[in-house]
Amino acid sequence: MEGTNPVNMKLAAALSGGAVLVVALSGCSSKKDSGPDPKLVAWAKTVCDAVPAQDSKIRAANASIAKIATDSNLPPKTAKETYSQAFQDMSDGYKAIAAAISSAGAPPGISDGAKRQQDASKNINGLASSYADLKKKVDGLDTKDQGKFAKGLHDVADQTKEIGQQSNSGTEALKRLEQGDVKAAIAKQPSCQVAASATASTTAG
């Protein structure tokens, strides 16, 4: 399928950092001699317990895109199905993380906790919506005409630039959420530690 492999590579490069956003929530290793408020620890558990499964889903979606990026002879129909499923999984993963943060409510005892929690949820929900939009665009691509398919895929790749900016915003929002005692509470959660280790391992590989 001539001409589509560079686009696949462009898409893979643009999306390869998708799981990095989760690390912003799970990658902390703060340790305190005097532990955080038990209520805050319970809040962190509510959020962190939702992370590993979604982190795994997002990383797997990234991996599937990276895998087909190296195949210049991939049939358009197969590429379309792979992208569609990957974007759906990314959307579902981020939506679930946003829902976990939203349902947990404001972190207890944090002065601006409500705003930080709402900003994080809003940013990640926006990212989920963007991936859902990408899925719709991919689903609408014409696989019978290689030229049209390649052009449509190129347009999708261009749109990932905006998603990259959204991912950065989501990462910053999560970092703001996890400042101070929230970071210490999250660091105590095995579920967040597992996700952080898995993502670090993937990045190192």
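Before reading further, recall that the structure is shown in the block above.
Residues numbered from 1 in each chain as written. Predicted model: local features only at pLDDT ≥ 70, side-chain atom pairs only at ≥ 80, totals over all residues. Heavy atoms only, no water.

(A) Quick peek at helix α3 (residues 38–48). Buried within α3 are the following residues: Leu40, Trp43, Ala44, Val47 and Cys48. Buried residues of α3, seen end-on, are gathered within an arc of 130° and therefore sit on one face of the element. Residues Pro38 and Lys39 are exposed on α3 and point more than 90 degrees away from its buried face. Of the residues that open α3, the one with a side-chain oxygen 2.7 Å from the backbone nitrogen of Lys39 is Asp37. (Buried < 20%, exposed > 50% of the residue type's maximum accessible area, 1.4 Å probe, protein only. Helix = DSSP H or I, 4+ residues; strand = E, 2+ residues; numbered from the N terminus. Arc of directions from axis to C-beta. Polar contact = N/O pair within 3.5 Å; in protein donor to acceptor, adjacent residues only side chain to side chain.)

(B) Fine view of the pattern of salt bridges. Applying the stated criterion to the full structure yields six salt bridges. Two residues, Asp119 and Lys115, come together in a salt bridge whose shortest N-O distance is 2.8 Å. In this pair, Asp119 and Lys115 are both assigned in helix α6 (residues 113–139), four residues apart and thus about one turn of the helix distant. When the shortest N-O distance is used, the salt bridge between Asp155 and Lys151 registers 3.5 Å. You can see Asp155 and its partner Lys151 sitting in helix α7 (residues 146–177), four residues apart, about one turn around the helix. Judged by its relative accessible area of 38%, Asp155 falls in the partly exposed class. (Salt bridge = Lys/Arg side-chain N within 4 Å of Asp/Glu carboxyl O.)

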